[in-house]
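Listed here are the chains, written in short residue letters.
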Amino acid sequence: MKIYQIDCSARKKGSTSRELANKLLERIKKSEDEVIYRDLDDEMLFVAGLTESGMTIPENERTDQHKKMFELSDKLVKELKESDILIISTPIYNFGPPATLKAWSDLAARVKSTFKYSEDGKQIGLLENKKVYLVITSGGTKVGSKEDFLTPWLLHVLNFFGIKNIEIISADQMSIDYEGSIKKAEDEINKIT
Ligand SMILES: Cc1cc2nc3c(=O)[nH]c(=O)nc-3n(C[C@H](O)[C@H](O)[C@H](O)COP(=O)(O)O)c2cc1C
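Report on the accompanying structure. (Residues numbered from 1 in each chain as written. Predicted model: local features only at pLDDT ≥ 70, side-chain atom pairs only at ≥ 80, totals over all residues. Heavy atoms only, no water.)

Some thoughts on the overall build of the protein
Looking only at helices and strands, one finds 5 helices and 7 strands in the protein. The globule rule puts the C-alpha radius of gyration for 193 residues at 16 Å, and the 17 Å found for the protein is close to it. Summarising its shape, the C-alpha atoms of the protein cover approximately 55 × 35 × 35 Å along the three principal directions. Within the protein, the proportion of its 193 residues that are buried is 45%. When contacts within the protein are restricted to residue pairs at least 6 apart in sequence, those whose partners lie at least 24 apart make up 73%. When the accessible surface of the protein is totalled, it reaches about 10500 Å², and 50% of it is carbon and sulfur. (Helix = DSSP H or I, 4+ residues; strand = E, 2+ residues; numbered from the N terminus. Rg over C-alpha atoms; globule rule 2.2 N^0.38 Å. Buried < 20%, exposed > 50% of the residue type's maximum accessible area, 1.4 Å probe, protein only. Contact = heavy atoms within 4.5 Å. Areas by Shrake-Rupley, 256 points an atom, 1.4 Å probe, with all protein chains shown as cover.)

Here we look at the nonpolar core
Counting residues in each nonpolar core, the largest one holds 31 residues, and the members touching the most others are Leu80, Ile88, Leu101, Trp104, Val132, Leu134 and Leu158. Those elements that provide at least two residues to this core are strand 1 (2-7), helix 2 (64-82), strand 3 (85-91), helix 3 (99-108), strand 6 (131-137) and helix 4 (150-160). Top contributing element to this core by residue count: helix 2, with 5 residues. If we ignore the near neighbours within four places in the chain, the residues touching Leu80 are Tyr4, Leu86, Trp104, Ala108, Thr114, Leu127, Lys130 and Phe161. Listed in part, the 17 residues of the second largest apolar core include Leu24, Ile85, Ile169 and Ile189. (Core = buried A, V, L, I, M, F, W, Y, C linked by side-chain atoms within 4.5 Å.)

Topic: the sheet that holds strand 7 (residues 165-171)
Here 5 strands make up an open sheet; going across it, the order is 2-1-3-6-7 and the pairing parallel. With partners counted over all chains shown, the strands left at the sheet margins are strand 2 (34-39) and strand 7, one partner each. The average undirected angle you get between the axes of adjacent strands in this sheet is 15°. Bridge analysis of strand 3 against strand 6 gives 7 bridges, and the strand direction is parallel. Among the inter-strand pairings, Leu86 is bridged to a residue of strand 6, identified as Val132. (Pairing = 2+ DSSP bridges. Axes fitted to C-alpha atoms, helices over the stretch in contact; angles between N-to-C directions.)

Comments concerning the packing of helix 3 against helix 4
Contact pair helix 3 / helix 4: the axes reach a minimum separation of 12 Å and the direction vectors enclose 20°. What the angle tells us is that helix 3 and helix 4 run roughly parallel. Here the hand of the crossing between helix 3 and helix 4 comes out left-handed. Of helix 4, the residues touching helix 3 (which contributes Leu101, Lys102 and Ser105) are Leu150, Trp153, Leu154 and Val157. Taken together, the residues of the contact of helix 3 with helix 4 break down into 5 nonpolar, 1 polar and 1 charged. (Parallel < 35°, antiparallel > 145°, perpendicular 65-115°, else oblique. Left-handed = near helix turned anticlockwise from the far one by under 90°. Nonpolar A, V, L, I, M, F, W, Y, C, P; charged D, E, K, R; others polar.)

Description of the packing of aromatic side chains
Given two aromatic rings, their pairing is described by the distance between the two centres and the angle made by the two planes. Tallying each qualifying case throughout the model produces 4 aromatic pairs. On the numbers, 5.5 Å between centres and 80° between planes, the contact of Phe115 with Tyr117 is edge-to-face. The class for Tyr117 is partly exposed, based on a relative accessible area of 47%. With 4.8 Å between their ring centres and 40° between their planes, Phe115 and Phe160 make a pair best called tilted. Remark: Phe160 occurs in helix 4 and Phe115 occurs in strand 4 (residues 115-117); sequence separation between them is 45 residues. (Phe/Tyr/Trp six-rings, centres within 6.5 Å; stacked < 30°, edge-to-face > 60°.)

Notes on helix 2
Given 3.6 residues per turn, any residue in an α-helix points the same way as the ones three and four places further on. Here helix 2 is 19 residues long and its end C-alpha atoms lie 27 Å apart, about the 27 Å a rise of 1.5 Å per residue gives. Restricting attention to buried positions, one finds in helix 2 the residues His66, Met69, Phe70, Leu72, Ser73, Leu76, Val77, Glu79 and Leu80. Residues of helix 2 that are buried make contact with strand 1, strand 2, strand 3 and helix 3. (Expected span 1.5 Å × (residues − 1).)

Section: the environment of Phe95
Position of Phe95 relative to the elements: it lies in the loop between strand 3 and helix 3. With 53 residues separating them in the primary sequence, Phe95 and Asp148 have C-alpha atoms 5.4 Å apart.

Side note on the site of the ligand
Close to the ligand lie 17 residues, the nearest being Ser9, Ser15, Ser17, Ile92 and Met174. Take Phe95: an N or O atom from its main chain is 2.8 Å from an oxygen atom of the ligand. Expressed as a share of its isolated accessible area of 640 Å², the protein-covered part of the ligand is 72%. When the residues that make up the shell around the ligand are grouped by side-chain class, the tally is 5 nonpolar, 11 polar and 1 charged. (Near = heavy atom within 4 Å. Polar contact = N/O pair within 3.5 Å; in protein donor to acceptor, adjacent residues only side chain to side chain.)

This is the structure in C-alpha cells:
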C-alpha cells in the first residue's frame, strides 16, 4: 500500500494537526507500506495567468510561470493517483481551509486525471478505491457546526475527485478544552483497526 500524508498547518513546531497525523500514520502503517509525504506549507503556487476557462494551456504557449504551475500540478496529481490511503491534516483557518489547501485543490483538479466530463456534461471523479483520513484541528470552531466551512468543502472536493471512503478525526475547540480535545482525537485514532 502507498500511504500519502499531506500536512498544511502554517506552523511546523507545536502543530497539533501534524502531530495527530503522525500518530495516525504510526497507527495504520504496516512494515511493507510506502509513505509519500507532502508539506503544502513548503511549496505551493496559486493557479494564475490562465488563458482558458480550465487548467489547459497549450504547451507551446506556456510562460515560465505556467510551466512551474503545471509542473507542481502534475506532481500533486501523480502522488494522489498513486496513493491507496491518504492522510490529510489541516487546521481551520478563518472558518475554512488554509490557503495552501485551497490552492492544492485547484492544482489537483485536472480534467481527465482526477475528474472527467460525461457526455451530458456531468463531472465524474476518477479517483476510486482510496481511503482518506482527515485530521482536523481548530481553536474555537466546532467541526460540523454551521461555522465550519472547511469540513463540508473538503468532503465535497474529495467526493468530486471520486473519493467516498472518508473518516474524520478531529481535535476541535482546543482553545476551550485543549486536553479533552486532544484526548478525544487520540481515542479516535486508537480505535482505528
Ligand atoms: C490564520 C489563522 C486563522 C484561524 N482561524 C480559525 C478559525 O476560524 N476557527 C478556529 O476555530 N480556529 C482558527 N484558528 C486556530 C487554529 O485552527 C488552531 O490553532 C489549530 O489547531 C491550528 O492547528 P495546528 O496546531 O496544526 O497549527 C486560526 C489560526 C490561524 C493561524
